[in-house]
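# Structure at a glance
Take a look at the letters that make up each chain.
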Amino acid sequence: MKILIVEDESKTADYLQRGLTEQGYVVEVANNGPDGQHYALQYDYDLIILDVMLPGADGFAVLRAIRAVKQTPVIMLTARDRVDDRVKGLRDGADDYLVKPFSFLELVARIQAITRRGRGQDPMQINVGDLQIDLLSRRAWRDGRRLDLTAKEFALLAALARRQGEIISKTVIAEQVWDINFESNANVVEVAIKRLRAKIDNPFKHKLLHTIRGMGYVLESRDGEDGAT
Ligand code: CA
């Protein structure tokens, strides 16, 4: 897995390069827009992390130049006060974005999600009963109503939905959504499930997120509590 980081702030670039290298990725860094564009077009990367504010050519210009030629997955880094940038980036063909300052684990989770998707194993949209999950725009709806989910809640929902109908243990959920050692964070999954359930199930009669005592959780649409399936 080869990743290109296009970032002019050397502190951030060094930190990301070190962290991602420790995670087993091969990482190259470009410090400005033109270099980033040159590397991106000249070489083949599995993923590009692209800052918006860059000297020489901004991230959007670099993204458009890349998209004109290739479909390498791109995660854009945007500043907190530039909400419009996220919309613009996604419209211009970015696969995802992160708002600075972001947690390193969140970045790793996004990279993993995108590279899994790139292998063609994941559909872009998953339906569970009347629940619709769009993995690209990271949005979800139930009964046609948009669900207001945090990034973590969405990641949790996506992890369950990708394996709908299967029981997923708390340990597996913790690994996929938090990338942490579950033993030291025993309540995190339970609390997150409770919050997610409050949003996706509590307002609705037909429940989709089920607790399997002692085993984990399963997201599925069941025909009725008398158990047709
Ligand atoms: Ca910058």
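Let me sum up the structure you'll find in this document. Every chain's residues receive numbers from 1 upward, in the order its sequence appears when written. Where totals are concerned, whole chains, interfaces and linings use all residues; where local detail is concerned, this predicted model gives features only for residues with pLDDT of at least 70, and gives and counts side-chain atom pairs only at 80 or more. Water and hydrogen atoms were dropped before computing side-chain values, which therefore reflect all heavy atoms in the structure.

### As for the overall build of the chain
- Regarding its fold elements, the chain presents 8 helices and 11 strands.
- Split into buried and exposed, the 229 residues of the chain put 43% on the buried side.
- Only heavy atoms enter the contact rule, under which two residues are in contact if any of them lie within 4.5 Å. Considering only residue pairs separated by 6 or more positions, the chain has 55% of its internal contacts joining residues 24 or more positions apart.
- All accessible areas in this document rest on Shrake-Rupley with a 1.4 Å probe, and a residue is counted as covered only by the protein chains that are shown. For the chain, the computed accessible surface area is about 12,000 Å², with 47% contributed by carbon and sulfur atoms. What counts as a helix is a DSSP run of H or I of at least four residues, what counts as a strand is a run of E of at least two, and both are numbered from the N terminus. Only protein chains enter the accessibility calculation, which uses a 1.4 Å probe. A residue is then buried if its area is under 20% of the maximum for its type, exposed if over 50%, and partly exposed in between.

### Section: the nonpolar core
- Throughout, nonpolar core names a set of buried Ala, Val, Leu, Ile, Met, Phe, Trp, Tyr and Cys residues whose side chains join them through atoms within 4.5 Å. Counting 31 residues, the largest nonpolar core has Leu 157, Leu 160, Ile 173 and Leu 219 as its most contacted members.
- Counting only elements with at least two residues in this core, the list comes to strand 6 (125–128), strand 7 (131–134), helix 6 (151–162), helix 7 (170–177), helix 8 (188–200) and strand 11 (216–219).
- Looking at this core element by element, the count peaks at 8 residues for helix 6.
- Setting aside residues up to four positions removed in sequence, Leu 219 forms contacts with Val 128, Leu 131, Leu 157, Leu 160, Ala 161, Gln 164, Gly 165, Ile 200, Leu 208 and Leu 209.

### Focus: the packing of aromatic side chains
- Note on aromatic pairs: the rings of Phe, Tyr and Trp (six-membered ring only in Trp) are paired at centre separations within 6.5 Å, and the planes decide the class, stacked below 30 degrees, edge-to-face beyond 60, tilted for the rest. Using the criterion set out here, one finds 2 aromatic pairs in the structure.
- A centroid spacing of 6.0 Å and a plane angle of 65° characterise the contact between Tyr 15 and Phe 104, whose relative ring orientation is edge-to-face. Taken together, the residues span a long stretch of sequence, with Tyr 15 in helix 1 (residues 10–22) and Phe 104 in helix 5 (residues 104–118) at a distance of 89 residues.
- Their ring planes at 55° and their centres at 6.2 Å tell us that Tyr 39 and Tyr 43 sit as a pair that is tilted.

### Some points on helix 8
- Each residue after the first adds 1.5 Å to the expected span of a helix. Look at helix 8: 18 Å from first C-alpha to last across 13 residues, which is about the 18 Å you get at 1.5 Å a residue.
- Here helix 8 has its buried residues at Val 189, Ala 192, Ile 193, Leu 196 and Ile 200. Along the axis of helix 8, the buried residues cluster in a sector spanning 100°; they form a single face. Seen from the buried face of helix 8, the exposed residues on the opposite side, beyond 90 degrees, are Lys 194 and Arg 195. The directions from the helix axis to the C-beta atoms form the arc being described.

### What about the pairing of strand 1 (residues 2–6)?
- Where burial is concerned, most of strand 1 is hidden: 4 out of the 5 residues are buried.
- Note: two strands are recorded as paired if DSSP finds a minimum of 2 bridges between them. Inspection of the sheet shows strand 1 paired to strand 2 (residues 26–30) by 5 bridges, in the parallel sense. Bridge pairing in strand 2 places Val 6 opposite Ala 30.
- Looking down the strands as they point away from the viewer, one classifies a crossover as right-handed if the path from the first strand across the helix to the second runs clockwise. In the classification by handedness, the crossover that spans strand 1, the intervening helix 1 and the parallel strand 2 is right-handed.
- Note: strand 1 against strand 3 (residues 47–51), 4 bridges, orientation parallel. Residue Leu 4 lies in a different strand from strand 3, and its bridge partner there is Ile 48.

### As for the coordination of the calcium ion
- Taken together, the protein donors to the calcium ion comprise Asp 8 (OD), Glu 9 (OE), Asp 51 (OD) and Met 53 (O), at separations of 2.1 to 2.8 Å.
- For Asp 8, a relative accessible area of 29% gives the class partly exposed.
- The class for Glu 9 is partly exposed, based on a relative accessible area of 36%. Any nitrogen, oxygen or sulfur atom within 2.8 Å of a metal ion counts as a donor, with the limit raised to 3.2 Å for Na, K and Ca, and since water is left out, coordination shells can look unfinished.

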